[in-house]
Amino acid sequence: MKYVWGMYILMAMMVVVTLASEFIFDGEYSAIASWAVVMLFFFGSIFFANARYYLPREK
């Protein structure tokens, strides 16, 4: 279950980074925010792979 929470937290962080980049910084740091979102997506993918590997075994 911790992997599902990890995925959810990373997805929420992606949304926060995007919203902060557009509304707080008016798009000045959009390239940095884009890289941050890509890295968060990469880590979210790792959480997803771990969840698919470990969740069926937790019965």
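Quantities reported herein were computed from a predicted structural model and do not represent experimental measurements.

Draft legend 1. Up close: the environment of Ser30. Topologically, Ser30 is positioned in helix H2 (residues 30-54). Judged by relative accessible area, Ser30 falls into the partly exposed class, the value being 32%. Separated by 10 residues in the primary sequence, Ser30 and Ala20 have C-alpha atoms spaced 9.5 Å apart. Ser30 has contacts with Ser21 and Glu22, leaving out every residue within four places of it along the chain.

Draft legend 2. Inspection of the environment of Val17 at higher detail. When you line up the elements, Val17 lands in helix H1 (residues 2-24). You can call Val17 partly exposed: its relative accessible area is 24%. Sequence separation of Val17 and Ser30 is 13 residues, and the distance between their C-alpha atoms is 9.5 Å. Residues in contact with Val17, not counting those within four places in the same chain, are Ala33, Ala36, Val37 and Leu40.

Draft legend 3. Examining the side chain of Ser21 more closely. Structurally, the position occupied by Ser21 is in helix H1. Here Ser21 falls in the buried class, since its relative accessible area comes to 5%. Those residues in contact with Ser21 that lie beyond four places of it in its chain are Asp26, Gly27, Tyr29, Ser30 and Ala33.

Draft legend 4. Highlighting H2. Relative to the 36 Å expected for 25 residues at 1.5 Å per residue, H2 spans 36 Å between its end C-alpha atoms, a close match to the ideal helical length. Those residues of H2 that sit buried are Ala33, Val37, Leu40, Gly44 and Ala51.

Cut-offs used in this document
Residues numbered from 1 in each chain as written. Predicted model: local features only at pLDDT ≥ 70, side-chain atom pairs only at ≥ 80, totals over all residues. Heavy atoms only, no water. Helix = DSSP H or I, 4+ residues; strand = E, 2+ residues; numbered from the N terminus. Buried < 20%, exposed > 50% of the residue type's maximum accessible area, 1.4 Å probe, protein only. Contact = heavy atoms within 4.5 Å. Expected span 1.5 Å × (residues − 1).

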